[in-house]
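# Tertiary structure, described
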Amino acid sequence: MKKILELLKNPFIQITLFAFVLQTFLFAVFYMLPDPLGLSMTEMFSGRMLWQFTMTYGAILVLSALFAFAKAPRALSIFYVFYFFFAIADYEVFRFTHQRLSYSYLRTYFHLSNISDATTISTLGGESATVWFLGAFFATVSAAVFFCVYWTNRKCRLKKAGKPTKLVFAKKIPVTMLVLGLVLSVIPLILFLAGTRGTVTVPLIHFPVDMRFTLGKHTITAPILHIAAEESFEFVRDNYKITDELMKELDSFLPADFAENRVSLEYPGFRKASAAKFKATHPYNIVFIFGESFKGCIFNQMLEGDTTLAPNIWKLANEGAIWFKNAFSSGYPTVRGTMSTYLGFPSHPNRDLPSFYASNRFKGFPEYLTDYTRAYVTISNPIFDHTLPFVERFFGDNWHVVPEPKIHGTMDSLGANLAIETLAKMPTDKNWFLLFNTIASHIPFQNYPDAFDAKPDDAMYRYRAAVRYTDQQLGRFFEELSKRPDYDNTVVILLGDHDTPVDSLDYRVPQPLGVSASQIFMCIFSKDTNLVKGLTVREDVAAQHDIGPTVMDLAQVRGANHFWGYDLLTDQRPENQPSIFLTQNAYYLGFRDSVIVGGLENEDVFVGKKGVYRESSDATAKAWRENAIGASKIIRTLLRNDKMMPPE
């Protein structure tokens, strides 16, 4: 007992024990309390907690050992303030957005102007877990301040008394901590490399342990420092040699004529101007609307008779529209989907690319509309999704932000007002392009007025109510649009920025965090029978990166570009070719009747049909996995080396 008490006097043991207690508390809060949708975190990540616990506690022991070797206890206490700040923020970010606190996330969302963003306040306000997490952080700061003051005073007292101030303890303490930490840290790696899978029952107590690993590194499994270390490594790694094999894998996702129109092998994702015939017989005015989290599986229910979801959109569709039943986002969250739509290729895995590379050579489809008057109306400041550099390139000074609402939940009403005002300024003797977005159906689906509808715990009820509110505001805009003399020469493109998880069905995808079911609503509306005759429902796969070629057809412009997609007015994606998006070290491939999802750094492949996902060893699924990995390597290399398009 005396030896234990002596051991506990060691400051590194004290700090490490405090870190263990704090980390255990964070785990307890994280797994005891559900996410804002009420979904159980333990249910969502069953089988991953074993890996998380061993790696996290192992990391703490290793870090403490390193500082112990340096004999710097105050530095260790200060370090843990920063370590747990990022760890706590990581848990909070994950609970609300199902993303990790990666470099990408920090660059995208932790801008000063976003700290007081209305979305952040509405999401984080009043959550009990947030209160507990903030309390844990303040406890960490208080403990560090107390220890630093105590240790400094102790050294001063010893110095005045003429006693030695240097720490003296046996090296076996930091050595033991280091060895134990490394053992705990590598247990998951050893078991994974050994091929341990399935459920293992612990002898004697007969306790089942799920031995699954992850689809990618960005899951709750990895402590924040593991993610930081691997992402740092990827800054160096993202330079792959582009081989003929990789080119074949890239071409498997591209239109058939892409390879023959490729400018050069130095720029394999860039093609010459198309010589294909336009579907449009003249340039059209274009209204482009990003619907916040417009879920394809929900909107498609209107085709089965559930037209109460969005009656104004349904009315517009029946005047003439191409409705894509199998439309997919090209990235998640918003910044990935919007940038992929503008720039015509899937986002880079693990990055908020291409927004991080705003200085690189890109050309978004609005830049091809040189003869058009272009305007942009946004619900939130473009800084929020790190798209401001592109907004200014595409629209110059002609972009507008809605004012702060006086009544909570009226952002879409204000957005419609501003869109209507901007529409009134569009010329009638010249073609124009107007883009705006909606917000009511943003998670947690609370952005509609209290007087409009109730806000029960049922997330699907709130989601549908939010969509109806957005539809009501869009109806006002459509009414004003129909009064214009150039209405018959106007095309409306409406699509979701991404899908969003609403209920437990959306979590059946065995996903790395940040990848939700990616099917979105996408529709092209026009009263011109030369383009569309009535409501045409298309079964072929459509994707956000198909928008660029489609807009260029509607505007009757051509130009060399890095658009991977198809002109949706004239082309259909082959039945056996999927849409692709890459996010957080994972791939998601959308076919007409199924999807394939998996990690870029392991062998697991899951095939989903009608919302049910099963691990697959099918040769075709495995082949598409290889194609996705090859395409991801090319994107990494091209973006890292600024090779998406040649200098102009």
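For the structure itself, consult the block above.
Summary of the structure given here. No experiment lies behind these values; they were computed from the predicted model shown.

### Focus: the environment of Ile60
Tracing the chain through its elements places Ile60 in helix α4 (residues 49-69). Accessibility expressed as a relative area gives 0% for Ile60, which makes it buried. Taking the C-alpha atoms as reference, Ile60 lies 7.3 Å from Ala19; in sequence the two are 41 residues apart. Beyond its immediate stretch of four places on either side in the chain, Ile60 contacts Thr16, Ala19, Phe20, Gln23, Tyr80, Tyr83 and Phe84.

### Comments concerning the side chain of Asp412
Here Asp412 lies in helix α16 (residues 411-424). Arg476 provides the closest opposite charge to the buried, unpaired Asp412, separated from it by 9.4 Å. Looking at Asp412, its side chain comes within polar contact range of the main-chain nitrogen of Ile439, at 2.8 Å. What Asp412 contacts, discounting residues up to four positions off in sequence, is Ile379, Thr438, Ile439, Ala440, Tyr469, Thr470 and Gln473.

### Things to note about the environment of Phe67
One can find Phe67 in helix α4. Taking the C-alpha atoms as reference, Phe67 lies 9.6 Å from Phe79; in sequence the two are 12 residues apart.

### Concerning the sheet that holds strand β15 (residues 586-590)
Across the sheet, which stays open at both edges, the five strands sit in the order β14-β15-β16-β17-β18 with antiparallel pairing between neighbours. Because the sheet does not close on itself, it has two edges, and the strands there are β14 (579-583) and β18 (612-615). Averaged over all pairs of adjacent strands, the angle between their axes in this sheet comes to 20°, without regard to strand direction. Across five bridges, the pairing between β14 and β15 is antiparallel. Of the residues in β15, the one forming a bridge with Phe581 is Tyr588. Strand contacts of helix α19 (residues 619-640): β14, β15, β16 (595-599) and β17 (605-609), with the helix running at about 60° to β14, the strand carrying the most contacts.

Criteria and thresholds
Residues numbered from 1 in each chain as written. Predicted model: local features only at pLDDT ≥ 70, side-chain atom pairs only at ≥ 80, totals over all residues. Heavy atoms only, no water. Helix = DSSP H or I, 4+ residues; strand = E, 2+ residues; numbered from the N terminus. Buried < 20%, exposed > 50% of the residue type's maximum accessible area, 1.4 Å probe, protein only. Contact = heavy atoms within 4.5 Å. Lys, Arg positive; Asp, Glu negative; His and termini not counted. Salt bridge = Lys/Arg side-chain N within 4 Å of Asp/Glu carboxyl O. Polar contact = N/O pair within 3.5 Å; in protein donor to acceptor, adjacent residues only side chain to side chain. Pairing = 2+ DSSP bridges. Axes fitted to C-alpha atoms, helices over the stretch in contact; angles between N-to-C directions.

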